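Examination of the molecular architecture
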Amino acid sequence: MTDDISENALFRPADKVVACDLGDGKALLNLTTNRYFRLNESGKVAWAAIEQGATRADIVDKIMERFEVDVDRCVADVIVILNAFSKAGLVEIEDREIR
């Protein structure tokens, strides 16, 4: 996965990932690797979108609705977290072309 994540790629939780709320954050456990991840409040918002099946643009929109953040900064941060989720095996990615 590169830093150039397609705006139209659809992200969903990987099959072997479980999640639970931790107050303002969220905990994720990859059952394949037995690695645990703790998300902050913005990560929790991103993960909630991913649980519904979300594109990069959808995730940016959800975070922008919740937090006061510059759009360019938000896009850059979402790309970083999606790359991290992908590298950790937490998400499945469906690359879709919009017609």
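Up top is the structure these notes are about.
Quick summary incoming for the structure in this document. What you see is a predicted model, and the numbers here were worked out from it, not measured in a lab.

**So, the overall build of the protein**
Within the protein, the regular secondary structure consists of three helices and six strands. Helices (α) and strands (β) of the protein occur, in sequence order from the N terminus, as β-β-β-β-α-β-α-α-β. Relative to its full complement of 99 residues, the protein shows a buried share of 35%. Across the protein, contacts joining residues at least 24 apart in sequence account for 55% of those joining residues at least 6 apart.

**Let's talk about the sheet that holds strand E2 (residues 17-22)**
One open sheet holds the three strands; their spatial order is E2-E3-E4, and the pairing between them is antiparallel. With partners counted over all chains shown, the strands left at the sheet margins are E2 and strand E4 (35-39), one partner each. For this sheet, the mean angle separating the axes of adjacent strands, direction not counted, is 20 degrees. Its contacts with the sheet put helix H1 (residues 41-51) on E2, strand E3 (25-30) and E4, and the angle it makes with E3 is roughly 60 degrees.

**A look at the sheet that holds strand E6 (residues 91-94)**
Read across the open sheet, the three strands follow the order E5-E1-E6; overall the sheet is antiparallel. Sheet topology places strand E5 (54-55) and E6 at the edges, where each strand pairs with a single neighbour. For strand E1 (residues 10-13) and E5, the ladder comprises two bridges, and the chain directions are antiparallel. When the sheet's bridge partners are listed, Phe 11 is paired in E5 with Ala 54. Contacts between H1 and the sheet are confined to E1, E5 and E6, with E1 contributing the most and set at about 95 degrees to the helix.

**Things to note about the environment of Ser 86**
Tracing the sequence through the fold places Ser 86 in helix H3 (residues 71-87). Remark: the alpha-carbon pair of Ser 86 and Ala 49, spanning 37 residues in sequence, is separated by 15 Å.

**Quick word on the nonpolar core**
Ranked by internal contacts, the top residues of the largest apolar core, which has 25 residues, are Leu 28, Trp 47, Ile 50, Ile 59, Leu 82, Phe 85 and Leu 90. Looking at this core, the elements with two or more residues in it are E4, H1, helix H2 (56-66) and H3.

**Remarks on H1**
When H1 is considered as a whole, its buried residues turn out to be Gly 43, Val 45, Ala 46, Trp 47, Ala 49 and Ile 50. Among the residues trailing H1, Gly 53 stands out with phi positive, at a value near 85 degrees.

**Concerning the pattern of salt bridges**
According to the stated counting rule, one finds four salt bridges in the structure shown. With a closest N to O distance of 3.8 Å, Lys 44 and Asp 21 form a salt bridge. Of this pair, Lys 44 sits in helix H1 while Asp 21 sits in strand E2, placing them 23 residues apart in sequence. Glu 41 is the partner of Arg 66 in a salt bridge, and the nearest nitrogen-oxygen pair spans 2.4 Å. In this pair, Arg 66 is assigned in helix H2 and Glu 41 in helix H1, connecting sequence segments 25 residues apart. Judged by its relative accessible area of 28%, Glu 41 is partly exposed.

About the criteria used
- Residues numbered from 1 in each chain as written.
- Predicted model: local features only at pLDDT ≥ 70, side-chain atom pairs only at ≥ 80, totals over all residues.
- Heavy atoms only, no water.
- Helix = DSSP H or I, 4+ residues; strand = E, 2+ residues; numbered from the N terminus.
- Buried < 20%, exposed > 50% of the residue type's maximum accessible area, 1.4 Å probe, protein only.
- Contact = heavy atoms within 4.5 Å.
- Pairing = 2+ DSSP bridges.
- Axes fitted to C-alpha atoms, helices over the stretch in contact; angles between N-to-C directions.
- Core = buried A, V, L, I, M, F, W, Y, C linked by side-chain atoms within 4.5 Å.
- Salt bridge = Lys/Arg side-chain N within 4 Å of Asp/Glu carboxyl O.

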